[in-house]
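# Fold and geometry: a report
This is what each chain is made of:
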Amino acid sequence: MKNVLIIACRELRSFFNSPVAYIVLTVYLLLAGYLYFTQLFLGREAEMRGLFELTPLLFVFFVPAVTMRLIAEERRAGTLEVLLTLPLTDWQVVLGKFLGALGLLAVGIGLTLAYPFTVSKLGDLDGGAVLGGYLGLLFLGATYAAIGVMASSFAKNQVVAFIIALGICFALFLAGKLVGVMPRAIAPIVDYLSLDSHFQSIARGVIDTRDLVYYASISGACLFVAQQSLASRQWKG
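Anyway, here's the lowdown on the structure attached to this text. Note that this is a predicted model, so its numbers are computed, not measured. (Residues numbered from 1 in each chain as written. Predicted model: local features only at pLDDT ≥ 70, side-chain atom pairs only at ≥ 80, totals over all residues. Heavy atoms only, no water.)

### A look at the nonpolar core
Grouped together as the largest cluster of nonpolar side chains are 55 residues, with contacts concentrated most on Met48, Leu51, Phe52, Tyr134, Tyr144, Val149 and Leu195. Broken down by element, this core gets its largest block of residues, 11 residues, from helix H8 (residues 127-154). Sequence-distant contacts of phenylalanine 52, defined by excluding residues within four places in its chain, comprise Ala129, Val130, Gly133, Tyr134, Leu137, Phe199, Gln200 and Ala203. (Core = buried A, V, L, I, M, F, W, Y, C linked by side-chain atoms within 4.5 Å. Buried < 20%, exposed > 50% of the residue type's maximum accessible area, 1.4 Å probe, protein only. Helix = DSSP H or I, 4+ residues; strand = E, 2+ residues; numbered from the N terminus. Contact = heavy atoms within 4.5 Å.)

So, in structure tokens, the structure goes:
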């Protein structure tokens, strides 16, 4: 576990030692804040539902931007092989990079706590729904990050990694929006595969183990594929 944390801290430092973290966090906070408060003043209700409805879509674009360089850049620069010659396992590398990206997302999510603090001055907030919403954002962000790490493990080019992650994340987000037009036979399957459907359930303050198992399963599967992608270097040459 020590090696995993070392890699995670290394990745987190690299984010903040470059403009990436500051650009992503600033754009995310400004965009989320503008969209949320615009919706809030139109609805004239002291609630966080608007933020929790908008963030899953924003994450579709911002998380791949955070994760695209994690492994792809190491491959391009030729530093991945150097990293893997150290006394580290493929799993430690994958988990470390995943936790580094998740750490940056946690910072971004944490900075939005200023929003419920501000809204609480306008009226009574449902504490359970707010807590559930933020917990859901962490699970959702972790799943997007795992998808991003997997996509980054496939490519040497950051742009390609971004496009792959964006496509997968958007497809899983969009699935829940298309349930209404799907044939009845497959509608439940499509709804279950939707990242947003599970998130909205948690955001209402309902912590269902089925939602947690879903996020853990998707994240675990993506990280396993990323680990296998790294391991495949041994037979590729």
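### Let's talk about the packing of aromatic side chains
Evaluation of the coordinates by the stated rule reveals 11 aromatic pairs. Seen in terms of ring centroids, tyrosine 28 and phenylalanine 62 are 5.8 Å apart; in terms of plane orientation they differ by 70 degrees. Their pairing is edge-to-face. With tyrosine 28 in helix H2 (residues 19-43) and phenylalanine 62 in helix H3 (residues 49-67), this residue pair connects regions lying 34 residues apart in the sequence. There is no split in this pair, since tyrosine 28 and phenylalanine 62 are both buried. Ring centres of phenylalanine 52 and tyrosine 134 lie 5.5 Å apart, and the angle between their planes is 90 degrees; this geometry places the pair in the edge-to-face category. Of this pair, phenylalanine 52 sits in helix H3 while tyrosine 134 sits in helix H8; the two residues are 82 residues apart in sequence, bridging distant segments of the chain. Judged by relative accessible area, which is 4%, phenylalanine 52 ranks as buried. Each member of the aromatic cluster is reached from another via a ring pair, and the members are Tyr28, Phe59, Phe62 and Tyr144. Here arginine 69 stacks its cationic end above the ring of phenylalanine 15, 5.3 Å away from the centre of that ring. (Phe/Tyr/Trp six-rings, centres within 6.5 Å; stacked < 30°, edge-to-face > 60°. Lys NZ or Arg CZ within 6 Å of the ring centre and 35° of its normal.)

### Points about the packing of H8 against helix H9 (residues 158-175)
Where H8 meets H9, the axes come as close as 8 Å, and the angle between the chain directions of the two elements is 145 degrees. The way H8 lies across H9 gives a crossing that is right-handed. When H8 is examined against H9, the residues Tyr144, Ile147, Gly148, Met150, Ala151, Ser152 and Phe154 are found in contact with a partner set consisting of Ala161, Ile164, Ala165, Ile168, Cys169, Leu172 and Phe173. (Axes fitted to C-alpha atoms, helices over the stretch in contact; angles between N-to-C directions. Left-handed = near helix turned anticlockwise from the far one by under 90°.)

### Some remarks on a nonpolar patch on the surface
Where nonpolar side chains cluster on the molecular surface, the patch consists of Leu57, Phe61, Phe170, Leu174, Leu178 and Val181 and spans about 500 Å² of accessible area. Breaking the nonpolar patch down by element, the ones donating at least two residues are H3 and H9. Structurally, the position occupied by leucine 178 is in the loop between H9 and helix H10 (187-193). (Patch = residues over 30% accessible without salt bridge, like charges linked within 9 Å, V, L, I, M, F, W, Y side chains within 5 Å. Areas by Shrake-Rupley, 256 points an atom, 1.4 Å probe, with all protein chains shown as cover. Salt bridge = Lys/Arg side-chain N within 4 Å of Asp/Glu carboxyl O.)

### Quick notes on the pattern of salt bridges
Scanning the model with the defined rule gives three salt bridges in all. The residue glutamate 11 makes a salt bridge to arginine 69 at a minimum N-O spacing of 3.4 Å. Placement of glutamate 11 in helix H1 (residues 2-16) and of arginine 69 in the loop between H3 and helix H4 (72-77) is noted, with a sequence separation of 58 residues between them. Across the pair glutamate 11 and lysine 97 runs a salt bridge whose closest N-O atoms are separated by 2.6 Å. Here lysine 97 lies in helix H6 (residues 90-111) and glutamate 11 lies in helix H1, a separation of 86 residues in the sequence. Look at glutamate 11 and you get buried, because its relative accessible area is 1%.

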